[in-house]
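If you want the building blocks of each chain, they are given just below.
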Amino acid sequence: LFLSSAGHTENFQDAFDRQSLVLDKLPLAFYAGMFAYSGWFQTSFVREELVRPERNIPLAVIVSVITVIVGYMLTNVSYYTVLGTQDVLASPAVAVSFVQRAFKSLISVVPVLVALSCFGTMNGGIFTFSRTLFVASREGQWPPLFSMIHIRRHTPLPAVMLMFPLVTAMVCIGDIYHLMNFFSFSRWLFIGLATLGLIVHRHRHPELRSPFKVPLFVPVSFTIICLFTVAMSFYSDPVNISIGCTMVLSGFPVYYLVIHKQMSNFLRNKLFFLFLPFSDYLTHKLQLLLEVVQQEIKTY
């Protein structure tokens, strides 16, 4: 801000030049921005653990989004005041390049701040997304072990531990941009479909009471952006998106045969006879090892 007020605004000339705008780069740009701001919806994953969620969820979303917008805007203004466009594109770590030019004495602090930021993101992700596996198990769509909580800490320990092999598999992919396209496709597809489903549900059942409401323009715009970005990603990265789409579609027949449509009595009895003894034995041993039990107090 000090440099900008002193007249160092040459890097902002033609800031909105559209000559370099390429259609196949739009989904990745959207995914990066949506990932940076995506923490707002994680509060809904832990609704059962919030006090007065009808008040605290909207409050947390509004405060956090405004704070992040202001913080990111000021950060980007600082970066582009000191660094040019080519400097930003060529830099492997923009924050380090910025500090090298602006505050050389603080160069050793940047890795610590980046590590703390990554730790906070991982902590929030593990805390919230493990609840998805926990609830899926509680609804009968995962083995019952993952619906259990620790006897002292009251956390879904098995569901949390399952996150680590999943994260390790994603890290092994290596390329952050391919990983972002691969992961963001399924993520924003289902978020867009969930928002669309809420709109349809609100239209079909207007008599149902909602804890809080937002103007219809907000979810409609959000759904359009999500589905448009997902559709465009097929054009920008067809290989990774096709792999992600195949993995998503592979779950439909499994869900339809096992969950939605009742299996035949013969098949059910056969599976019951073959796998139940081993499954019960393994679940019992892991319960003792992890010190977990079924949830006693209903929070849903």
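Nothing here was measured: the structure is a model prediction, and the numbers come from that model.

Scoring rules and cut-offs
Residues numbered from 1 in each chain as written. Predicted model: local features only at pLDDT ≥ 70, side-chain atom pairs only at ≥ 80, totals over all residues. Heavy atoms only, no water. Helix = DSSP H or I, 4+ residues; strand = E, 2+ residues; numbered from the N terminus. Buried < 20%, exposed > 50% of the residue type's maximum accessible area, 1.4 Å probe, protein only. Contact = heavy atoms within 4.5 Å. Areas by Shrake-Rupley, 256 points an atom, 1.4 Å probe, with all protein chains shown as cover. UniProt positions renumbered as here; feature names shortened; annotations may be inferred. Phe/Tyr/Trp six-rings, centres within 6.5 Å; stacked < 30°, edge-to-face > 60°. Salt bridge = Lys/Arg side-chain N within 4 Å of Asp/Glu carboxyl O. Expected span 1.5 Å × (residues − 1).

**Some details on the overall build of the chain**
Then step 1. From N to C terminus, the chain includes 11 helices and 2 strands.
Then step 2. Starting at the N terminus and ending at the C terminus, the chain contains elements arranged as α-α-α-α-α-α-β-α-α-α-α-α-β.
Then step 3. Out of the 300 residues belonging to the chain, those deemed buried represent 24%.
Then step 4. Partitioning the contacts of the chain with sequence separation of at least 6, the portion at a separation of at least 24 is 68%.
Then step 5. Split by element, the accessible area of the chain, about 21,000 Å² in all, is 70% carbon and sulfur.

**Re unusual backbone geometry**
Then step 1. With a phi angle near 50 degrees, arginine 52 is a residue other than glycine that sits in the positive phi range.
Then step 2. The phi dihedral of glutamate 291 is positive, around 60 degrees, even though this residue is not glycine.
Then step 3. Locating glutamate 291 in the fold gives a position in the loop between helix 11 (265–290) and strand 2 (292–294).
Then step 4. Look at glutamate 291 and you get partly exposed, because its relative accessible area is 32%.

**A closer look at the UniProt feature "transmembrane region" (unreviewed entry) in the chain**
Then step 1. Here the UniProt-annotated "transmembrane region" (unreviewed entry) positions come out as residues 28–46, 58–82, 102–122, 157–179, 185–202, 214–235 and 241–259.
Then step 2. Secondary structure content for residues 185–202 is 100% helix and 0% strand, and the end C-alpha separation is 26 Å.
Then step 3. Segment residues 214–235 splits into 86% helix and 0% strand. End C-alpha atoms: 33 Å apart.

**Observations concerning the packing of aromatic side chains**
Then step 1. If you walk through the whole model with that rule in mind, you get 3 aromatic pairs.
Then step 2. Taking the centre distance of 5.4 Å and the plane angle of 65 degrees together, the rings of tyrosine 79 and phenylalanine 98 count as edge-to-face. In this pair, tyrosine 79 sits in helix 3 (residues 53–82) while phenylalanine 98 sits in helix 5 (residues 94–102), placing the two residues 19 residues apart along the sequence.
Then step 3. For tyrosine 79, a relative accessible area of 19% translates into the label buried.

**So, the pattern of salt bridges**
Then step 1. Under the counting rule described, the total for this entry stands at 3 salt bridges.
Then step 2. In this structure, arginine 131 and glutamate 49 form a salt bridge, with 2.8 Å as the shortest nitrogen-oxygen distance. Placement of arginine 131 in helix 6 (residues 110–138) and of glutamate 49 in the loop between helix 2 (26–36) and helix 3 is noted, with a sequence separation of 82 residues between them.

**Let's talk about helix 3**
Think of an α-helix as 3.6 residues a turn; residues three or four steps apart then line up on the same face.
Then step 1. If you check helix 3, its first and last C-alpha atoms are 43 Å apart, about what 30 residues at 1.5 Å a residue would give, namely 44 Å.
Then step 2. The set of residues buried in helix 3 consists of Pro53, Ile57, Tyr79, Thr81 and Val82.

**What about the environment of valine 230?**
Then step 1. Checked against the element boundaries, valine 230 lands in helix 9 (residues 217–236).
Then step 2. The buried category is assigned to valine 230, whose relative accessible area is 5%.
Then step 3. Distance from valine 230 to tryptophan 188, taken between C-alpha atoms, is 7.0 Å for residues 42 residues apart in sequence.

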